[in-house]
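Inside the fold
Here are the chains, one letter per residue:
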Amino acid sequence: MKFLTTRRRHKAAKPLLLVFAFLLMGAFYTAFAPLPQVAADNGTSEQVAAGKNLFAVTCSSCHGLNGEGTQQGPSLVGVGSAAVDFQMSTGRMPMARPGAQAPRRVNTYTAEEISQLAAYVATLGPGPSIPNSSAYDYANLTDEDLARGGELFRTNCSACHNASGAGGALPEGKYAPPLHGVEPLHIYEAVRTGPQQMPVFSAGAIPDKDLASIIGYLKTLESGPTGGFTLGSIGPVTEGFFAWVIGIGGLSLFAVWIASRGARAR
Ligand code: HEC
Ligand code: HEC
């Protein structure tokens, strides 16, 4: 209580208040940061109906009213929900304009809209579906698994994507994109659905366990030989929190410190 009654506050009060404010902002950021998308696969009939409507508006001009395909776009019969989730989550679809290849862009559709479209397209014919996260979980891989993942990557993928996953050019203005920073879910879906020039690798060719090893290997490439402080690689939430509290908070404390020094000098 002495703290409140004395007129002069403790020297550390302001900086402490700042630290507290930034902790609070960090907490807010963490609470409102977008959660990873969880897509339900076998859609309900409402989902399918909503997806069909959305499809008629956004996709049918190229893929046909019933996904049968047109001159502008291929048939989507049998591509499965995984293809829709991959193409839309990576911003490739709906394609903005015809070109050699639909480039990766920022996706502007909600997770719900994507699941609706995925559920609808899945009804057109059997195809690879959006996996459970357990299918591509690479957290518990041994060093041996990762080494095997590297071997599989060099055998099956590096011809197009480069041994370090940096990507590469293909004939006719096409290219295999770099694989750094691609979500594990989207790696899984790309491998199972084979977008564009990329072949489809079924579970017969690359079982889930091996695919998880490839994903794990790609993730070790990312944290890679350059090293760096990964913050445990728990993702953008921790990193944002860290930036707010330590980064901006630290800068403000520094500013306060400079100000107090300056005042004393005068
Ligand atoms: C401007 C035309 C155009 C529009 C609009 C469009 N697409 Fe496509 N889509 C294409 C073309 C062309 C391809 C094949 C080339 C490619 O993948 O880059 C394709 C490929 C796809 C594939 C991959 C098929 C496969 O074999 O794996 C999916 C899935 C897909 N589109 C879904 C959609 C959905 C869903 C929408 C609506 C939200 C949509 N597309 C809107 C032109 C279009
Ligand atoms: C014949 C060449 C080829 C091979 C082999 C190949 N890919 Fe691809 N890959 C491509 C092309 C081309 C694309 C881009 C497709 C598009 O943009 O529609 C692609 C896209 C991808 C993407 C999406 C990246 C992004 O930015 O969204 C991933 C992930 C991927 N490939 C992983 C793999 C893995 C893992 C393997 C091996 C199991 C593999 N690829 C083998 C050509 C290939």
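This section reports on the structure supplied with the text. (Residues numbered from 1 in each chain as written. Chains lettered and ligands numbered in written order. Predicted model: local features only at pLDDT ≥ 70, side-chain atom pairs only at ≥ 80, totals over all residues. Heavy atoms only, no water.)

Remarks on unusual backbone geometry
A cis geometry characterises the amide bond from Met93 onward to Pro94, with omega recorded as -5°. By secondary structure assignment, the location of Pro94 is in the loop between helix 5 (80–89) and helix 6 (111–122). The residue Glu172 is not glycine, and still its phi comes out positive at about 60°. With respect to the helices and strands, the residue Glu172 is situated in the loop between strand 1 (168–169) and strand 2 (175–176). In this structure Glu172 comes out as exposed when scored by relative accessible area, which is 71%. (Helix = DSSP H or I, 4+ residues; strand = E, 2+ residues; numbered from the N terminus. Buried < 20%, exposed > 50% of the residue type's maximum accessible area, 1.4 Å probe, protein only.)

Overview of the coordination of the iron atom of ligand 2
His161 (NE2) and Met198 (SD) make up the full set of protein donors to the iron atom of ligand 2, lying at 2.0 to 2.2 Å. In this structure, the iron atom of ligand 2 is coordinated by 6 donor atoms arranged in octahedral fashion, with angles at the metal of 85 to 179°. Separated by 37 residues along the polypeptide, His161 in helix 8 (residues 158–161) and Met198 in the loop between helix 9 (184–193) and helix 10 (208–223) bring together distant segments of the chain. Residue His161 is classed as buried on the basis of its relative accessible area, which comes to 10%. (Donors = N, O, S within 2.8 Å, 3.2 Å for Na, K, Ca; no water. Tetrahedral: all angles 85-135°; square planar, octahedral: opposite > 155°, others 65-115°.)

Description of the site of ligand 1
Near ligand 1 you find 18 residues, and of these Cys59, Cys62, His63, Met93 and Gln196 are the closest. Within the side chain of His63, a nitrogen or oxygen atom sits 2.8 Å from a nitrogen atom of ligand 1. The contact in question runs from an oxygen atom of ligand 1 to an N or O atom on the backbone of Ala102, over 3.3 Å. It is helix 5 that contributes the most residues to the shell around ligand 1, 4 residues altogether. Along the lines of polarity and charge, the residues of the shell around ligand 1 split into 13 nonpolar, 5 polar and no charged. (Near = heavy atom within 4 Å. Polar contact = N/O pair within 3.5 Å; in protein donor to acceptor, adjacent residues only side chain to side chain. Nonpolar A, V, L, I, M, F, W, Y, C, P; charged D, E, K, R; others polar.)

Quick notes on the packing of helix 5 against helix 9
Between helix 5 and helix 9, the least distance of the axes is 9 Å, while the angle of their chain directions is 125°. Taken together, the axis directions place helix 5 and helix 9 in an arrangement best described as oblique. In this structure, the crossing between helix 5 and helix 9 has a hand that is left-handed. The segment helix 5 lies against helix 9, with Ala82, Ala83, Asp85, Phe86 and Ser89 engaging Leu185, His186, Glu189, Ala190 and Thr193. In terms of residue class, the contact of helix 5 with helix 9 is built from 5 nonpolar, 3 polar and 2 charged. (Axes fitted to C-alpha atoms, helices over the stretch in contact; angles between N-to-C directions. Parallel < 35°, antiparallel > 145°, perpendicular 65-115°, else oblique. Left-handed = near helix turned anticlockwise from the far one by under 90°. Contact = heavy atoms within 4.5 Å.)

Some remarks on the packing of aromatic side chains
Across all of its chains, the model carries 4 aromatic pairs by this definition. When the ring of Phe55 is compared with that of Tyr120, the centres are 5.3 Å apart and the planes differ by 55°; the resulting orientation is tilted. With a gap of 65 residues between them, Phe55 in helix 3 (residues 45–58) and Tyr120 in helix 6 connect regions that are remote in the sequence. With centroids separated by 6.0 Å and ring planes inclined at 40°, the aromatic side chains of Phe153 and Tyr217 adopt a geometry described as tilted. Within this pair, whereas Phe153 is found in helix 7 (residues 143–156), its partner Tyr217 is found in helix 10, the two being separated by 64 residues in sequence. Its guanidinium or amino end placed over the ring of Tyr188, Arg192 lies 5.1 Å from that ring's centre, counting from NZ or CZ. (Phe/Tyr/Trp six-rings, centres within 6.5 Å; stacked < 30°, edge-to-face > 60°. Lys NZ or Arg CZ within 6 Å of the ring centre and 35° of its normal.)

Overview of the packing of helix 9 against helix 10
Where helix 9 meets helix 10, the axes come as close as 10 Å, and the angle between the chain directions of the two elements is 130°. As summarised for this structure, helix 9 and helix 10 are arranged oblique, according to the angle between their axes. Viewed along their axes, helix 9 and helix 10 form a crossing whose handedness is right-handed. Facing Pro184, Ile187, Tyr188, Val191 and Arg192 of helix 9, the residues of helix 10 in contact are Asp208, Leu211, Ile215, Leu218 and Lys219. Residue composition of the contact of helix 9 with helix 10, by class: 7 nonpolar, no polar and 3 charged.

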